[in-house]
Amino acid sequence: QFQMIKHEDLQLKESLGQGSFTRIFKGSMTDIRDGEKHVTDVLLKLLDESHNKCWESFFNAASLMSQISHKHLLLVYGISVHRYQNIVVQELVKCGALDLYLRKRGRSVPVSWKLDVAKQLACVLNFLEEKNIVHGNICAKNVLLAREGDSSGTSPFIKLSDPGIGLTVLGREVLLDRIPWVAPELVEAPESLELGCDKWSFGTTLWEIYNGGKAPLQGQDPQQKLQFYKNLEQLPPPEWPELADLIGRCMDYEPALRPSCRGIIRQLNSLIASDYVLLCDPQASTA
Ligand SMILES: N#Cc1ccc(Nc2nc(N)cc(-n3ccc(CO)n3)n2)cc1
């Protein structure tokens, strides 16, 4: 179900950082179609050669994205396997990862923009929930910005990236480091990944988006993060009570009590229409 891309048709360009046991690069892919040479900008995800044992989970994550299509799901062009180099080739999204974008733009991002992005993420999660597909790694780093939107009113447009290598393969150290995105019930049973886990991660991602891309529990070591869950703690709530309520309901330690995606979308719609947005984004009142 994947297109196999020849190694010689790929060019690696600048590094964009790394994921869990992976490194990502900008690049280009050349292919000859109907006698013409086409060069496409791509994002190349390389599996660290020291973790080639994870190749199955690495490719399964990418194939999850290539078996279903949705406007807010990242396009995977295919994979390339050459000697010991396993590569996933995905579309290069214009404005990069949401966490970096928010940290760069700081306070200048309107609340209405943030809620619009959150709603798009809730919609693609709803699409996956209706197909009973669990993503397993919802976070601002995996939300990519295809269109920035601007003050003149064009809205932002996001694409959700693949979940990457699964938690059961990554090991406990990586799992603990992903607190508070990883749902608490997974800490002792990583294989019990369920739809409810994506709701918890959505809550954490909503917190990240509202707080300008700030990483929650940043700098805490795995043991401190584990203690955060053992004490049933919550992230510092935003000063907006209705938003704090939504984040708190998504991040309920009891998975069955977390809202459905439709419930999340309903509550986001009422936040979008609320006076708080008008007060915070004076320019929103003209929209
Ligand atoms: N300057 C600049 C610039 C950087 C990246 C893109 N595009 C892009 N496309 C993807 N498919 C994935 C990513 N990622 C970036 C970090 C991660 C890790 O989560 N992914 N970036 C476009 C411009």
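Residues numbered from 1 in each chain as written. Predicted model: local features only at pLDDT ≥ 70, side-chain atom pairs only at ≥ 80, totals over all residues. Heavy atoms only, no water.

(A) Structural detail: the overall build of the protein. On a plain count of helices and strands, the protein comes out with 11 helices and seven strands. Taken over the C-alpha trace, the protein has a radius of gyration of 19 Å; the compact-globule value for 287 residues is 19 Å, and the two agree within 12%. Seen through its C-alpha atoms, the protein measures out along the principal axes to roughly 55 × 45 × 35 Å. By the burial criterion, 52% of the 287 residues in the protein qualify as buried. (Helix = DSSP H or I, 4+ residues; strand = E, 2+ residues; numbered from the N terminus. Rg over C-alpha atoms; globule rule 2.2 N^0.38 Å. Buried < 20%, exposed > 50% of the residue type's maximum accessible area, 1.4 Å probe, protein only.)

(B) Quick peek at helix α2 (residues 98-105). Along α2, the residues classified as buried are Leu98, Asp99, Tyr101 and Leu102. All buried residues of α2 fall inside an arc of 165° around its axis, so they share one side. Turned more than 90 degrees off the buried face of α2, the exposed positions are Leu100 and Lys104. Check the buried side of α2 and you find it contacts α3 (111-130), β6 (143-147) and α7 (195-210). Just beyond α2, the residue with positive phi is Gly106, at close to 55°. (Arc of directions from axis to C-beta. Contact = heavy atoms within 4.5 Å.)

(C) Spatial organisation of the nonpolar core. The biggest cluster of nonpolar side chains holds 73 residues, and the ones touching the most others in it are Phe202, Trp240 and Leu268. Counting residues per element, this core draws most heavily on α3, which supplies 11 residues. Apart from residues no more than four positions distant in its own chain, Trp240 is found in contact with Val111, Leu115, Tyr210, Leu271, Ser274, Tyr276 and Val277. Membership of the second largest hydrophobic core comes to nine residues, among which are Leu10, Phe25, Leu44 and Leu46. (Core = buried A, V, L, I, M, F, W, Y, C linked by side-chain atoms within 4.5 Å.)

(D) Focus on the side chain of Gln85. One can find Gln85 in strand β5 (residues 85-91). Those residues in contact with Gln85 that sit more than four places away from it in its chain are His7, Arg23, Leu46, Leu47, Glu49 and Ser80.

(E) Here's a closer look at the sheet that holds strand β3 (residues 36-47). Taken in spatial order, the five strands line up as β1-β2-β3-β5-β4 in an open sheet, and their pairing is antiparallel. Whereas interior strands pair on both sides, the edge strands pair on one side only; in this sheet they are β1 (10-18) and β4 (76-82). Each neighbouring strand pair of the sheet contributes to a mean axis angle of 30°, computed without reference to strand direction. Contacts between helix α1 (residues 55-67) and the sheet are confined to β2 (22-33), β3, β4 and β5, with β5 contributing the most and set at about 20° to the helix. (Pairing = 2+ DSSP bridges. Axes fitted to C-alpha atoms, helices over the stretch in contact; angles between N-to-C directions.)

(F) Inspection of the state of the cysteines at higher detail. By the definition in use, this model includes zero disulfides. Between Cys54, a free cysteine, and Cys139, which holds the nearest cysteine sulfur, the sulfur-to-sulfur gap is 18 Å. Of the cysteine sulfurs around Cys261, a residue in no disulfide, the closest is that of Cys250, at 8.7 Å. (Disulfide = S-S within 2.5 Å.)

(G) Spatial organisation of the pattern of salt bridges. Evaluation of the coordinates by the stated rule reveals 14 salt bridges. We note a salt bridge from Lys199 to Glu129, for which the minimum N-O separation is 2.8 Å. Taken together, the positions of Lys199 in helix α7 and Glu129 in helix α3 put the pair 70 residues apart, joining distant regions of the chain. Accessibility expressed as a relative area gives 21% for Glu129, which makes it partly exposed. Arg249 is the salt-bridge partner of Asp245, the closest N and O atoms lying 3.6 Å from each other. Within this pair, Asp245 and its partner Arg249 are both found in helix α9 (residues 241-250), separated by four residues, close to a single helical turn. A relative accessible area of 38% places Asp245 in the partly exposed class. Overall, the relative accessible area of 30% leaves Arg249 in the partly exposed class. (Salt bridge = Lys/Arg side-chain N within 4 Å of Asp/Glu carboxyl O.)

(H) Structural context of the packing of α7 against α9. Interhelical geometry of α7 versus α9 gives an angle of 150° and a closest axis separation of 7 Å. Between α7 and α9, the residues in contact are Lys199, Trp200, Phe202, Gly203, Leu206, Trp207 and Tyr210 and Leu243, Leu246, Ile247 and Cys250, respectively. Residues of the contact of α7 with α9, tallied by class, amount to nine nonpolar, one polar and one charged. (Nonpolar A, V, L, I, M, F, W, Y, C, P; charged D, E, K, R; others polar.)

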